[in-house]
Structures are given as structure tokens and as C-alpha cells.
Amino acid sequence: MPPHSESTPEQQEPPARTQLTPTMEDTTLNLGNGGLTDDDFLMVDVDEVESPPVVTPAAIEQQPPPPPAPPASSLPAPKPDSPEQEEEEDAPVEIKQETKSEIKLEDLFDGMDSDSDDEFSGKNNNKNLVTGQVPPSSPGPAAPPAGGSNPDLLRAFYQLLFPWRHYFQWLNHSPTPTPDFKFREFSLWLPGGVVFRFQSYATLDLLRKDVFKHLPERIEIGPVYTANPRDRKTFRHSSAFKPVAKELCFDIDLTDYDDVRTCCDKANICKKCWQFITMAIKVLGVALREDFGYEHVMWVYSGRRGAHAWVCDRKARNLDDHKRKAIGNYFSVVKGGEKTGKRVNVRRPLHPHLARSLDILKEHFLTDVLEAQDPWREEDRAEKLLQLLPDVKLRQALKEKWEANPGRSSVVKWGDIDSVAKTMGSVNTKDLLEAKQDIVLEYTYPRLDILVTEQKTHLLKSPFVVHPGTGRVCVPIDTNDLDGFDPLDVPTIGGLVNEIDASGGSLVKKEADGDEDKKGAEWERTSMKPYIDQFRGFVHGLLREEREFVRVKREREEEGGGLDF
């Protein structure tokens, strides 16, 4: 249970504030004034880490281990009893969205996980799921589509612009193949709606050749298993095939903010509502760094209306699902659906994480919510605000004032709360302050797809793929310049091909060239360059830490080997 939950009295609370009953002036929230070489890196092994906290990141490490795995008798047999069963098992099946909060072992072999894009969500029933080896050919559309699904554009993109070498090092944690890459699950979404799960590749070259051959519209990344995912059906016992590592991931989608944003809804976005993603990155970024000690966090644009975080630190990759769920709960502040009434109920005094988050969010609340979104101008939306206030008489007085003066902006209505309360004189100022803090959190705090964080087996869209609906590339987001990131201005697959043509590049000549280093000059002459440079720097920092881990581990082994017991 998160540190801000009201039902955990046994947990240690932060020091109480010296002033618990503020004056009327205190109820007004202060909203402000508006190179390394490949040879430098070695293969590394997976280690074990301590548990993360529930109350605070330091306390999560004391949690009990997860319950034991189900007995081997509950696992499916490695081989079908008849040819008919085998044919049925390998046939395409309908994808259904996984809604269970816990994963059973048999669920590792069937079903589909995806992010929240509509055209790829489990809500679509026209997608076919196939597991195992990709066939020599796969169905495709009758006519070449435009944008991110055009096979000619995809071929040029994968061959000329995809950062293959750095992508491999990112997932492999070494320049030479390790189990971190060999036993990693990939999912390929082919044109025509066919999805292939449990694909794995011993080398980067095999992955690249498969992608060049089938030109997937989308690539998803899963966990690292104890064995080759393609061979999963040959194992009868759970200990022989299970997920052992995966980056700790977070998924934020703007559709989860449809009850607070007024500029757009559903899959539509603009620079105004993108500020909700900016707020989320700021809050999660500082918490992951200061509360959990993670250093290697990469944020990636989803290609349409969201962002994904990949926490790549070794201790994050090795977390089991029990600890991942604890971290997810740590960030579960806004709960329930749009029609559940008050969605934020946190304990007082505020947990340090929430107090820090309010400091980050209060200025955004004024400029990006009250001014840009104006969420309470309409009468029905203003009624929601009134229901979040604790004093019945205050609610009635505000309602009468707003009905007598229609068209008041959200900024003015927010100020009316304090002015009317001061006039009445009977409002509990402490309760009012806490209610206003909860309102700020409800309208600005990150809203997560919690299953993406909790489950190692949950697949997530790969960085640098092209969104088939928008044609935009899923590029990394520079957290040092969040305000400068515009999701509508990222490179598109069609624009990138035009940039290559304009720079004098030859698509036909380069397609026949298998040397990636030579083709690297192509992306350097396009708008992909700053994003790939950023990714390359991120990967080098991660590999530097992996090399240091290997060095320290080797020194400890050598020192221990000299002891005579």
C-alpha cells in the first residue's frame, strides 16, 4: 500500500508540521507568478537486489518475498497429445486484453500485452496472435498504405535510420551477445494484423534480418527469460522457463486525463494538454532519482498521445513483480474512474513525496490547468469542483454566486473559494487547505497504467519504432528541455525519407549496403540526429555502470578466492 494511504497506521509517518491549523490567509495555495568504445564493455550477470519500500523507498526492501510458484502439475504439457492439438495451438487466436491483477504461469504462454494505443489495444478483436517462429511470408494490406504502415517507407526507415547498434547495446548491456539479449522476448506486429509473440534472436544481425524481411509496423519488448522464449513449450517445470529481468516501466496516456482536459479528447492531443505529460515526467523523474536512487531513466514519446519511462538500472531490471507492485502503489495517488467522485484521499501530514510533488505542480496548476484548460467555466464541470469542497454551506454559497455571475473563469472561481470562505468566517481553514491540496493533486498528479509497472511480462512498445497511425517516430524525450518538446513536431517517417532525398542520399544504393556504420551518415543528415545522439549518450552511461559492476564483482571474487577456509 502506498505511503499516502489512509489505512496504514502502522507505517512510520513523516514528522508532523508545527502548524496544523492555518489561518485563512494560509488556505490560499502559493501558485507562483504564473566516449567509450565497444571493447571497453564486458558481459555482465544478473544479480539479486533487496526489496524496495512501501512507506518509503528505504522501507520497501523489508517486504516479505512473493508467494511460491504454482506446482509443476499445473503447467501445460510441453507437447500436444495429438497433431490436431498442435495445429490448434499454433493457429492464430483472438487477442483479449489482460485485466487480471495477478499473472498465472499459464498466462505466460498465451494472450497479448500492449500499450494503450487504440489500434493496438486488446479491445480490438480483429488482430490475430501467433506464437513461435515467424513464417516466410505474412499477410499484408491489399494496397500500400500511407504513413507509418507503408512498406516502402518502413524498409527505408529500418535500413537507414534505425539505431541498431545502440539499440542492441541498450538491451544487451554489452557490445557482445549475452543472455540479456539472447533470451529477451520481442513481439512483431506485421501488416495485416498478425502479431507474433515470443520471438528471440541470438544476435543483433538475426533481429535486423527478421525486421528487414517482415517490415513490422510495430515492435514490442518483453522480459528476459531463463531460456530461449522460442523453446518455451519444451519445458514442463516453472523453474526452467520464467521471466527473470525487465526494465521497470511506466506508461502515461492522455486519454486518462479526459476528465480534466478541455482542449482535446480521446486520441487527439495538442501542446496544451501535452503539459500533463510534462508534469508527470517531472514528478516521476525526481521521485525515481531521489526516493529510489535510480539513475538511468529514459522517457520515450509513444508516437501519438503518451510517454513511456524505461528505468534501466540493474537493480530495477531485477525487481520481481511483488516489488514492482509496491513501487506502482507508491505512485498510485489518483484512484478510481471519472464518475467515482473524489479521487484523491491522502493522509496528513503529507508524505515528503507528495509535499515535494505539490511544490512542482502548483505553478502548472495555475498556468496549464486553470488558465489553459479552464476546466470549471461550464456549470456541470463547476459542480464537480464544488463536490470536492468539504463545507456544505461554502458549496451552497459558491453555487449561488456563480449562478448569479455566469461565465466566470476557472481562475476567478478558484479565488472565489477563499474570498467566500473568509466572508463566511465559519469555515474550517485546515480542512479547506487540505481539500485544495487534494484538488491540485487530482488535476495534475501522474496517472499511470499500473499493469505496465507491476508485471515483468507486460510488453511495451519499443523506442524508435514508427506509429502506424501518425507516422511519427517514438523518439526519446530530453528531460533537460521538457518545455521544448513538441509531440506534433517530432520526425515522421515520410519527412525523414524526404530529408534523405533532399540531402542527396540514395535510398536504392544504401539499401543494398549492409554496413550499418556507413549508413549511419544518413540519419546524421536528418532530424533524427539529436534523438539518436541523446540515445547513444544514454546507452554509453548505462554501459559504463555495467562495466564498473563487472570490475567490482571480479575484484571481490579474486579477494574471496584467496581465503583459505
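- Under an unreviewed UniProt entry, the name given to the protein is DNA primase, and the organism recorded is Cercophora samala.

## Comments concerning the nonpolar core
- Grouped together as the largest cluster of nonpolar side chains are 118 residues, with contacts concentrated most on Phe 157, Tyr 167, Trp 170 and Phe 331.
- Per-element tally for this core: the top contributor is helix H6 (residues 274-290), with 10 residues.
- Once residues within four sequence positions are removed from consideration, Phe 157 is found in contact with Phe 162, Phe 464, Val 466, Val 473, Ile 493, Leu 496 and Met 528.

## A look at the pairing of strand S8 (residues 297-301)
- When you tally the buried positions in S8, you get four out of five residues, the bulk of the element.
- Two strands pair when backbone bridges link them, and S8 and strand S9 (residues 306-311) are joined in this way by five bridges, in the antiparallel orientation. Directly across from Val 300, in S9, lies its bridge partner His 308.
- Counting the residues in the hairpin turn of S8 and S9 gives four residues, including Gly 303, whose phi is positive at 100 degrees.

## Examining the sheet that holds S9
- Strand order across the open sheet formed by three strands is S7-S9-S8, with antiparallel pairing between neighbours. The two strands at the open ends of the sheet, each matched to only one other strand, are strand S7 (248-253) and S8. The mean inter-strand angle of the sheet, taken between neighbouring strand axes irrespective of direction, is 15 degrees.
- Of the pairings in the sheet, the one linking S7 to S9 comprises six bridges and is antiparallel in character. By the bridge assignment for S9, Phe 250 is matched with Ala 309.
- Contacting S7, S8 and S9, H6 runs over the sheet at an angle of about 15 degrees to S9.

## Concerning the environment of Phe 485
- You can see Phe 485 is positioned in the loop between strand S10 (460-461) and helix H15 (493-502).
- Between the alpha carbons of Phe 485 and Tyr 301 there is a distance of 9.8 Å; along the sequence they are 184 residues apart.
- Sequence-distant contacts of Phe 485, defined by excluding residues within four places in its chain, comprise Lys 271, Trp 274, Tyr 301, Val 475, Pro 476, Ile 477 and Val 490.

## Some words on the packing of helix H2 (residues 151-160) against H15
- It is at 10 Å that the axes of H2 and H15 come closest, and there the two elements cross at 65 degrees. In terms of orientation, H2 and H15 fall into the roughly perpendicular class. In the packing of H2 onto H15, the handedness of the crossing is left-handed. Contact with H2, carried on its side by Leu 153, Leu 154, Ala 156, Phe 157 and Leu 160, involves Ile 493, Gly 494, Leu 496, Val 497 and Ile 500 of H15 and no other residues of that element.
- Tallied by class, the residues present in the contact of H2 with H15 amount to nine nonpolar, one polar and no charged.

## A word on unusual backbone geometry
- Here the amide bond leading from Arg 348 into Pro 349 is cis, since omega sits at -5 degrees, within 30 degrees of zero.
- Its location among the elements puts Pro 349 in the loop between helix H8 (321-330) and helix H9 (352-371).
- The residue Leu 215 is not glycine, and still its phi comes out positive at about 50 degrees.
- Secondary-structure assignment places Leu 215 in the loop between helix H5 (204-214) and strand S5 (218-225).
- Its relative accessible area of 6% is what places Leu 215 among the buried residues.

## A closer look at helix H11 (residues 392-404)
- End to end, H11 covers 19 Å across 13 residues, agreeing with the expected 18 Å (1.5 Å per residue, within 8%).
- Burial in H11 covers these residues: Leu 394, Arg 395, Leu 398 and Trp 402. Down the axis of H11, the smallest arc covering the buried residues is 100 degrees, so these residues share one side. Exposed residues pointing more than 90 degrees away from the buried face of H11 are listed as Val 392, Lys 393 and Ala 404.
- Contacts made by the buried residues of H11 are with helix H10 (379-387), helix H12 (410-424) and helix H13 (429-444).
- The opening residue of H11, the one whose side-chain oxygen lies 3.0 Å from the backbone nitrogen of Lys 393, is Asp 391.

## Focus: the packing of H9 against H12
- Two elements in contact, H9 and H12, have axes separated by 9 Å at closest approach and are oriented at 125 degrees. Of the possible angle classes, the one that applies to H9 and H12 is oblique. For the pair formed by H9 and H12, the contact residues are Phe 365, Leu 370 and Glu 371 on the first element and Ser 410, Val 411 and Trp 414 on the second.
- Of the residues in the contact of H9 with H12, the class split is four nonpolar, one polar and one charged.

## So, the packing of aromatic side chains
- The full count for this structure, using the stated rule, is 32 aromatic pairs.
- Seen in terms of ring centroids, Trp 170 and Phe 535 are 6.0 Å apart; in terms of plane orientation they differ by 75 degrees. Their pairing is edge-to-face. Here Trp 170, found in helix H3 (residues 164-172), pairs with Phe 535, found in helix H18 (residues 529-561); they are 365 residues apart in sequence, far enough to count as distant.
- Given the relative accessible area of 0%, Trp 170 is considered buried.

## Notes on the pattern of salt bridges
- Counted under the stated rule, the structure contains 31 salt bridges.
- Where Arg 197 meets Glu 185, a salt bridge forms, and the shortest distance between an N and an O atom there is 2.5 Å. You can see Arg 197 sitting in strand S4 (residues 194-199) and its partner Glu 185 sitting in strand S3 (residues 184-190), a full 12 residues away along the chain. Pair check on accessibility: Arg 197 and Glu 185 agree, each one buried.
- Here Asp 438 and Arg 348 are joined by a salt bridge, their closest N and O atoms 3.0 Å apart. Here Asp 438 is found in helix H13, whereas its partner Arg 348 is found in the loop between H8 and H9, with 90 residues between them in sequence.
- Since its relative accessible area comes to 23%, Arg 348 is described here as partly exposed.
- Connected through shared salt-bridge partners, Asp 259, Arg 343, Lys 384, Glu 442 and Arg 447 make up one network.

## Let's talk about the side chain of Asp 291
- Its place among the elements puts Asp 291 in the loop between H6 and S8.
- A polar atom in the side chain of Asp 291 sits 2.8 Å from the side chain of Tyr 330.
- In terms of polar contacts, Asp 291 uses its side chain to reach the side chain of Arg 356, at 2.7 Å.

Calculation rules
- Residues numbered from 1 in each chain as written.
- Predicted model: local features only at pLDDT ≥ 70, side-chain atom pairs only at ≥ 80, totals over all residues.
- Heavy atoms only, no water.
- Core = buried A, V, L, I, M, F, W, Y, C linked by side-chain atoms within 4.5 Å.
- Buried < 20%, exposed > 50% of the residue type's maximum accessible area, 1.4 Å probe, protein only.
- Helix = DSSP H or I, 4+ residues; strand = E, 2+ residues; numbered from the N terminus.
- Contact = heavy atoms within 4.5 Å.
- Pairing = 2+ DSSP bridges.
- Axes fitted to C-alpha atoms, helices over the stretch in contact; angles between N-to-C directions.
- Parallel < 35°, antiparallel > 145°, perpendicular 65-115°, else oblique.
- Left-handed = near helix turned anticlockwise from the far one by under 90°.
- Nonpolar A, V, L, I, M, F, W, Y, C, P; charged D, E, K, R; others polar.
- Expected span 1.5 Å × (residues − 1).
- Arc of directions from axis to C-beta.
- Polar contact = N/O pair within 3.5 Å; in protein donor to acceptor, adjacent residues only side chain to side chain.
- Phe/Tyr/Trp six-rings, centres within 6.5 Å; stacked < 30°, edge-to-face > 60°.
- Salt bridge = Lys/Arg side-chain N within 4 Å of Asp/Glu carboxyl O.

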